[in-house]
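# Residue-level structural notes
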Amino acid sequence: MSKDESDVETLPPSRPTYPDGGLQAWLTVLGAFLALFCTFGQLNSFGTFQTWYAEHQLRHLPPSTIAWIGSLQLWIFFFSGGFIGRIFDAHGPRVIMIPGTIVLVFSTMMTSLSSKYYQYILAQGILFGLGVGMMFYPSLAAISTHFAKYRGTALGIAFAGSGVGGVVYPIMFQHLFERVGFGWAVRISGFISLAACCIAVLTITSLRAPTQQKTPSLGLALFRDVPFMLVVGGSILICLGLFIPFFYIADYAKDNNISANTIFYILSAMNGGGILGRLAPPLLSDAVGRYNVIVPCAFLMGLSALVFWIFAKTLVAIILFAVVYGFFSGAFIAMLIPCVAQISQLSEIGTKIGVLYSIISFAALAGGPAAGALLRAGHGSYTGMIVLCGVSNVAGAVFMLAARLQLNRRIFALV
């Protein structure tokens, strides 16, 4: 191998051959797109529920308390990854996704019947978060067993499903809440989830026969992997601030005298930007290097909050910020798994992805309530919240840059 070729990409040795295409592979991408549409897409739409609850069922509670529903949702979703990833590596996707579909739909139906805070915590926070995790991790880990060269592109297409869901659900909920009421609006989303998840279960497959290899253990060797631990450290910081705009952009717009009929479209605009962010950067990363893409995207995500959100007071400015932030946050979310898969053996992809998400779950849990506490401490000023969002994202980008330099210190290497 020539010196130039050695700089192209830093990968563990003895990598197997991937088909990088074919009917089975692209059906897996389709199934993952649908699974993420109705799971992560709804997670990205929690700001809709945050605003609705604050004006209706939970109007007696402060925003930081309501935000615990969404934060708990994220924490359960992230934390479940370590266990789900190990099950995937041992048994494949369907043994997880079939009960995952049941949990997801059941939690949605229970949310539609809820009226008290503890009921929303149990149904929408804990159960729904678990259902999302049981659909999310197997879908994306399965794609990584079919693709290597075009892994970023394939995962980006799948992640675009969450962006499409994030556009559709806020607008759908806004109209259905008013026309058919909260209960039936949520039940309709449950029926949509049932249909999409059933198709996902039928189409998603894993390339490797799950019984051929022993499930990787969560030993100390995993935590001695320096590039992986730098990615984990960066992801912790980024996830502390990443979801804050998704939770509070609707309330921010409302407090800046934006029409209530327009607020839900702002969240959809943010998720709309995320669709392009989940497609274009992953496609670019297959050509220029995945770490070369995720680092600037994470940095610009934080910078957009510090220099754009903090000054956005009009409808046009808020929508523009929402699109820009949605683009870069979508890019980070879509690029994280390809970056982990790049430094993993095939047999440990599911485990490493799961461990990463389990660790960063605590940051995701803290982000929403911390932002709400800063809002309350600032007597309604969003400055502290915005600074937390921006600084944590920029600091996380520094860790991602360190991981990239650990893999290859050459500035123009494809990493």
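The structure contained in this document is the topic of the report that follows.

Calculation criteria
- Residues numbered from 1 in each chain as written.
- Predicted model: local features only at pLDDT ≥ 70, side-chain atom pairs only at ≥ 80, totals over all residues.
- Heavy atoms only, no water.
- Helix = DSSP H or I, 4+ residues; strand = E, 2+ residues; numbered from the N terminus.
- Rg over C-alpha atoms; globule rule 2.2 N^0.38 Å.
- Buried < 20%, exposed > 50% of the residue type's maximum accessible area, 1.4 Å probe, protein only.
- Contact = heavy atoms within 4.5 Å.
- Areas by Shrake-Rupley, 256 points an atom, 1.4 Å probe, with all protein chains shown as cover.
- Lys, Arg positive; Asp, Glu negative; His and termini not counted.
- Charge placed at Lys NZ, Arg CZ, Asp CG, Glu CD.
- Patch = residues over 30% accessible without salt bridge, like charges linked within 9 Å, V, L, I, M, F, W, Y side chains within 5 Å.
- Salt bridge = Lys/Arg side-chain N within 4 Å of Asp/Glu carboxyl O.
- Expected span 1.5 Å × (residues − 1).
- Axes fitted to C-alpha atoms, helices over the stretch in contact; angles between N-to-C directions.
- Parallel < 35°, antiparallel > 145°, perpendicular 65-115°, else oblique.
- Left-handed = near helix turned anticlockwise from the far one by under 90°.
- Nonpolar A, V, L, I, M, F, W, Y, C, P; charged D, E, K, R; others polar.
- Core = buried A, V, L, I, M, F, W, Y, C linked by side-chain atoms within 4.5 Å.

From N to C terminus, the protein chain includes 18 helices and 0 strands. Taking 415 residues into account, the globule formula puts the C-alpha radius of gyration at 22 Å, and the protein chain, at 20 Å, falls close to it. Across its three principal directions, the C-alpha atoms of the protein chain cover 65 × 45 × 35 Å. Taking all 415 residues of the protein chain together, 60% fall into the buried category. By sequence separation, contacts in the protein chain at least 24 residues apart represent 86% of the contacts at least 6 residues apart. Counting only carbon and sulfur atoms, one obtains 71% of the accessible surface of the protein chain, whose full area is about 15,300 Å². With 22 positive and 13 negative side-chain charges, the protein chain shows a separation of 6 Å between the mean positions of the two kinds.

Taken together, V180, W184, F191 and L194 make up a surface patch of nonpolar side chains, about 390 Å² in accessible area. Note on placement: L194 falls in helix α10 (residues 181-203).

Over its 16 residues, helix α2 (residues 23-38) runs 23 Å from end to end, which matches the ideal 22 Å to within 8%, given 1.5 Å per residue. Among the residues making up α2, those that are buried are A25, T28, V29, G31, A32, L34, A35, L36, F37 and C38. In this structure, the buried residues of α2 make contact with α3 (40-43), α7 (94-113), α8 (117-146), α9 (151-179) and α10.

Glancing now at the packing of helix α5 (residues 63-79) against α8. At their nearest, the axes of α5 and α8 sit 7 Å apart, and the two run at 30° to each other. Comparing the axis directions of α5 and α8 gives the class roughly parallel. With respect to the hand of their crossing, α5 and α8 are arranged in right-handed fashion. A breakdown of the residues in the contact of α5 with α8 according to their chemical character gives 16 nonpolar, 6 polar and no charged.

Attention now goes to the nonpolar core. Ranked by size, the top nonpolar core spans 132 residues in total, and within it F136, W309 and Y357 carry the most contacts. In terms of residue count, the dominant contributor to this core is helix α16 (residues 315-342) (16 residues). In contact with F136, other than residues within four places in its own chain, are L36, F40, F77, F159, I337 and Y357.

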